[in-house]
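The primary structure of each chain is shown beneath.
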Amino acid sequence: MEKFNIKRFWQTFKWLFCENSNRLLLWTLALTLGFFMIDSFLVWSMMQVPQDAKLEIEQEVNFQTVTILAVISFCVFIAFIVVHFGYSRVFAFLKTKQKRIAYLTLPATNVERFVAALVYILLVFPLCVLLALILGDTLRMFVYGLTGDGWVSGVPTLFKGGMLFIPRSFAWLDFVECCMNNSIMLWICSLYILGGTWFRRHAFFIVTAALITVFIIGGMCYTSFTHEAAIISFSTSKHVTSLSPIVYPITLIALAAAVFNFWWSYKIFTRFQIITSKWTNV
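The shown structure was predicted, so the numbers you read here are calculated from the model rather than taken from an experiment.

Chemist: For this particular structure, what's the right way to read the packing of aromatic side chains?
Modeler: Think of a pair of aromatic rings as described by two things: how far the centres are apart, and how the planes are tilted against each other in angle. Throughout the structure, instances matching the rule amount to 24 aromatic pairs. An angle of 65 degrees between the planes, with centres 5.6 Å apart, marks the rings of Phe-114 and Tyr-266 as edge-to-face. Of this pair, Phe-114 sits in helix α5 (residues 110–146) while Tyr-266 sits in helix α9 (residues 247–269); the two residues are 152 residues apart in sequence, bridging distant segments of the chain. According to the relative accessible area criterion, Phe-114 is buried, its value standing at 6%. Geometry around Phe-272 places Arg-100 over its ring, the cationic atom sitting 5.2 Å from the centre.

Chemist: Can you walk me through the nonpolar core in this structure?
Modeler: Across soluble globular proteins, nonpolar side chains have a tendency to be buried as a group. Among the nonpolar cores identified, the biggest contains 54 residues, and Phe-35, Phe-91, Tyr-103, Val-129 and Ile-193 are the most heavily contacted of them. Elements supplying a minimum of two residues to this core: α1 (6–47), α3 (63–87), α4 (97–104), α5, α7 (172–198), α8 (203–226) and α9. Excluding its chain neighbours within four sequence positions, the residues that come into contact with Val-129 are Leu-31, Phe-35, Ala-79, Val-82 and Val-83. If you look at the next biggest cluster of nonpolar residues, it comprises five residues, including Val-176, Met-180, Leu-243 and Val-247.

Chemist: Before we go on, may I ask you to explain a positive patch on the surface in this structure?
Modeler: Where like charges cluster on the molecular surface, the positive patch consists of Arg-23, Arg-89, Lys-95, Arg-201 and Lys-278. Within the secondary structure layout, Lys-278 lies in the segment after α9. Lys-278 gets classed as exposed once you look at its relative accessible area, which sits at 61%.

Chemist: Where do I start with the pattern of salt bridges in this structure?
Modeler: Applying the stated criterion across every chain yields a total of three salt bridges. Here Glu-112 ties to Arg-8 by a salt bridge, and the two come within 2.9 Å at their closest N and O atoms. Note that Glu-112 is positioned in helix α5 and Arg-8 in helix α1, a separation of 104 residues in sequence. You can call Glu-112 buried: its relative accessible area is 0%. By relative accessible area, which is 21% here, Arg-8 ends up partly exposed. Across the pair Asp-137 and Arg-140 runs a salt bridge, and its minimum N-O distance is 2.8 Å. Of this pair, Asp-137 and Arg-140 both sit in helix α5, three residues apart, which is roughly one turn of that helix. You'll find Asp-137 and Arg-140 in the same group, each marked buried.

Chemist: Explain the side chain of Arg-100 here, please?
Modeler: Its location among the elements puts Arg-100 in helix α4. Despite its burial, Arg-100 pairs with no opposite charge; the closest candidate is Glu-19, at 14 Å N-O. Leaving out residues up to four positions away in the same chain, Arg-100 has contacts with Leu-94, Arg-200, Phe-272, Gln-273, Ile-274, Thr-276 and Asn-281.

Chemist: For this particular structure, what's the right way to read α5?
Modeler: Quick reminder: α-helices carry 3.6 residues per turn. Residues three or four places apart thus point the same way. Over its 37 residues, α5 extends 53 Å from the first C-alpha to the last, a length consistent with the 54 Å expected when each residue adds 1.5 Å. The axis of α5 is deflected most strongly, by about 25 degrees, at Tyr-120. One or two steps after α5, the chain reaches Gly-148, where phi turns positive at roughly 85 degrees.

Chemist: What am I meant to see in α9 here?
Modeler: An ideal rise of 1.5 Å per residue puts 33 Å on 23 residues; α9 measures up with 33 Å between its terminal C-alpha atoms. Turning to α9, its buried residues number three or more, namely Val-247, Thr-251, Ala-254, Ala-258, Asn-261, Phe-262, Ser-265, Ile-268 and Phe-269.

Chemist: Mind showing me how you'd approach unusual backbone geometry here?
Modeler: Only a minority of non-glycine residues have a phi that is not negative, and only a minority of peptide bonds are not trans. Of note in the backbone geometry, His-202 takes a positive phi value of approximately 55 degrees without being a glycine. Take His-202: it is sitting in the loop between α7 and α8. For His-202, a relative accessible area of 49% gives the class partly exposed.

Chemist: What's the story with the packing of α1 against α4 in this structure? I'm lost.
Modeler: Angle between the axes and distance between the axes are the two parameters that describe a pair of packed helices. At a closest axis distance of 11 Å, the pairing of α1 and α4 adopts a crossing angle of 160 degrees. On the basis of their axis angle, the class for α1 and α4 is roughly antiparallel. The handedness of the crossing between α1 and α4 comes out as right-handed. Facing Thr-12, Trp-15, Leu-16 and Glu-19 of α1, the residues of α4 in contact are Lys-99, Ala-102 and Tyr-103. Taken together, the residues of the contact of α1 with α4 break down into four nonpolar, one polar and two charged.

Chemist: Can you help me understand the environment of Ile-250 in this one?
Modeler: Mapped onto the elements, Ile-250 comes out in helix α9. Taking C-alpha positions, Ile-250 is 8.5 Å from Ser-183, a pair spaced 67 residues apart along the chain. Excluding anything up to four places from it in sequence, Ile-250 contacts Met-180, Ile-184 and Ile-231.

What counts and how
Residues numbered from 1 in each chain as written. Predicted model: local features only at pLDDT ≥ 70, side-chain atom pairs only at ≥ 80, totals over all residues. Heavy atoms only, no water. Phe/Tyr/Trp six-rings, centres within 6.5 Å; stacked < 30°, edge-to-face > 60°. Helix = DSSP H or I, 4+ residues; strand = E, 2+ residues; numbered from the N terminus. Buried < 20%, exposed > 50% of the residue type's maximum accessible area, 1.4 Å probe, protein only. Lys NZ or Arg CZ within 6 Å of the ring centre and 35° of its normal. Core = buried A, V, L, I, M, F, W, Y, C linked by side-chain atoms within 4.5 Å. Contact = heavy atoms within 4.5 Å. Patch = residues over 30% accessible without salt bridge, like charges linked within 9 Å, V, L, I, M, F, W, Y side chains within 5 Å. Areas by Shrake-Rupley, 256 points an atom, 1.4 Å probe, with all protein chains shown as cover. Salt bridge = Lys/Arg side-chain N within 4 Å of Asp/Glu carboxyl O. Lys, Arg positive; Asp, Glu negative; His and termini not counted. Charge placed at Lys NZ, Arg CZ, Asp CG, Glu CD. Expected span 1.5 Å × (residues − 1). Bend = angle between axes of the 7 residues up to and from the residue. Axes fitted to C-alpha atoms, helices over the stretch in contact; angles between N-to-C directions. Parallel < 35°, antiparallel > 145°, perpendicular 65-115°, else oblique. Left-handed = near helix turned anticlockwise from the far one by under 90°. Nonpolar A, V, L, I, M, F, W, Y, C, P; charged D, E, K, R; others polar.

Here it is in structure tokens:
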């Protein structure tokens with residue numbers, strides 16, 4: 001039972017998935033309805049723009065394109081918050097004594113139990129949130145299409161480069177910028193996983209407050225020492241034109257910090273007890 005066994009891991013993951021399948025389905029349905037309502041309201045609001053203003057916008061860009069881009073960007077922001085809220089509840093299914101006993105006594109090692117929980121919250125839950133976003137926008141498209149307001153989908157916009165931290169092109173600067181963004185996102189993700197592993201209550205708000213503080217202090221220190229406003233410059237076509245040398249150490253430090261946070265989360269998980277305090281899991 002000391003080594004990682006893929007078969008035991010799979011059985012543990014299946015147990016975890018089955019235990020939380022009903023809750024996951026409810027989350028997906030609720031998010032689909034929520035994204036549909038947000039999507040529909042924002043599109044309706046932007047359609048109320050006076051015709052003269054629309055014509056002025058049309059001279060520069062397509063009004064429908066601008067509308068869908070703005071709506072999808074806001075929905076992605078909401079999805080981002082929901083996903084990280086889910087990260088902070090990585091072990092929320094162990095709130096009761098019975099669930100803790102059941103999970104901690106499964107015929108699997110601590111590594112297998114921990115990785116099963118990570119796979120569930122890092123892959124399955126975000127995919128369900130993405131599915132809800134796609135279904136919500138598609139439902140909005142059908143409703144607006146049937147009422148004569150156009151069959152315009154925001155899904156293609158969702159998968160364009162830059163929206164989901166995908167490289168905008170194969171250019172080196174765009175690739176480096178994408179690597180930095182993803183390394184920072186991985187670090188943020190690991191912080192919420194660490195918070196969710198450590199705290200039983202209000203982990204999302206505790207980690208968010210800590211992150212805001214870190215970013216404020218980091219931004220102030222950067223501008224104080226370098227006197228530069230931005231570390232990345234973009235062209236009008238949204239491609240990276242220049243990068244500050246600090247991008248490379250930021251990427252490496254963020255990756256190292258993320259690995260450390262996941263390791264620390266595992267160490268905290270190995271100290272889980274059947275009976276714990278109200279605020280922490282250890």
